[in-house]
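Understanding the architecture of this molecule
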Amino acid sequence: RVLKVTMSTVGSVICVSHTCRDNFILRAKILPSIVHVIPNAVDPTKFTPDPSKRDKERVKIVVVSRLVYRKGVDLLVGIIPKICKAFSQVDFLIGGDGNKKLSLEEMVERERLQN
């Protein structure tokens, strides 16, 4: 109800995905015509790795996210040590910030996974 009242005066809304847009329209009960999507994205034409520089002996798993519970960081903390023990050729590269960053850092130190 608060969302509906608060959003009743806005002229336009931006969401980061079509799912977010659909949910927002339903919850806020506002006109779909004023809700727009500008996705978070990486332009693959600007960020294409050079295959010739790839280390064929290693596998890199890259995670770029807010480091919060909602994004599953607790699952990473639980699974990364298991993956690293089972597959010595796997490296993780994690980028982001959030209140679960410390959990990741503690896991890296506890499991001695830093290079």
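Sequence order sets the numbering: in each chain, residues are counted from 1 along the sequence as written. Whole-chain, interface and lining totals are the exception, using all residues; otherwise, since this is a predicted model, local features are given only for residues with pLDDT of at least 70 and side-chain atom pairs are given and counted only at 80 or more. Here the side-chain values reflect all heavy atoms present in the structure, with hydrogen atoms and water set aside.

Some details on a negative patch on the surface
As a reminder, the rule being used: Patch criteria: residues need more than 30% relative accessible area and no salt bridge. Like-charged residues are merged within 9 Å; nonpolar side chains of Val, Leu, Ile, Met, Phe, Trp and Tyr are merged within 5 Å. Here the Shrake-Rupley method, with its probe set to 1.4 Å, supplies the accessible areas, and only the displayed protein chains count as covering residues. Just to be clear on terms, a salt bridge is a Lys or Arg side-chain nitrogen sitting within 4 Å of an Asp or Glu carboxyl oxygen. All tallies of charge rest on Lys and Arg as positive and Asp and Glu as negative; His and the ends of each chain are not included. All charge positions are set by atom: Lys at NZ, Arg at CZ, Asp at CG, Glu at CD. Working definition: helices are DSSP H or I runs of at least four residues, strands are E runs of at least two. Numbering for both runs from the N terminus. Only protein chains enter the area calculation, which uses a 1.4 Å probe; residues under 20% of their type maximum are buried, those over 50% are exposed, and those in between are partly exposed.
A contiguous patch of negative charge, built from Asp97, Glu105, Glu106 and Glu109, is present on the exposed surface. Its place among the elements puts Glu106 in helix H4 (residues 101-110). By relative accessible area, which is 43% here, Glu106 ends up partly exposed.

Considerations on the environment of Cys84
Note the cut-off: By definition, residues are in contact when any of their heavy atoms lie within 4.5 Å.
Position of Cys84 among the secondary structure elements: in helix H3 (residues 73-86). Spatially, the C-alpha atom of Cys84 lies 52 Å from that of Thr9, the residues being 75 residues apart in sequence. The residues touching Cys84, leaving out its near neighbours within four places in the chain, are Val90, Phe92 and Leu113.

Re the environment of Thr6
Position of Thr6 relative to the elements: it lies in helix H1 (residues 2-7). Relative accessible area serves as the criterion here: at 43%, Thr6 is assigned to the partly exposed category.

What to know about unusual backbone geometry
Residues apart from glycine generally show negative phi values, whereas peptide bonds are mostly found in trans. The backbone of Lys29 sits at a positive phi, close to 50°, despite the residue not being glycine. In this structure, Lys29 sits in the loop between helix H2 (18-28) and strand S2 (35-37). Of the residues examined, Lys29 reaches a relative accessible area of 58% and is grouped as exposed. The phi torsion at Arg112 lies on the positive side, around 55°, for a residue other than glycine. In this structure, Arg112 sits in the segment after H4. Arg112 sits in the exposed class, given a relative accessible area of 72%.

Some details on H2
Note the cut-off: Note that the arc is defined by the directions from the helix axis to the C-beta atoms.
Inspection of H2 places Phe24, Ile25 and Ala28 among the buried residues, and these make up the whole buried set. Each buried residue of H2 sits inside an arc of 100° when the element is viewed along its axis, so together they form one side. Set apart from the buried face of H2 by more than 90 degrees, the exposed residues are His18, Thr19, Leu26 and Arg27. Contacts from the buried residues of H2 go to H1, strand S1 (13-15) and S2. One or two steps after H2, the chain reaches Lys29, where phi turns positive at roughly 50°.

Focus: the pairing of strand S3 (residues 59-64)
Note the following rule: Strand pairing follows a simple DSSP-based rule, namely that at least 2 bridges must link the two strands. Convention used here: a crossover is right-handed provided that the path from the first strand, over the helix, to the second strand proceeds clockwise when the strands point away from the viewer.
As paired elements, S3 and strand S4 (residues 90-95) share six bridges and run parallel to each other. Of the residues in S4, the one forming a bridge with Val62 is Leu93. The handedness of the S3 to S4 crossover, carried by H3, is right-handed.

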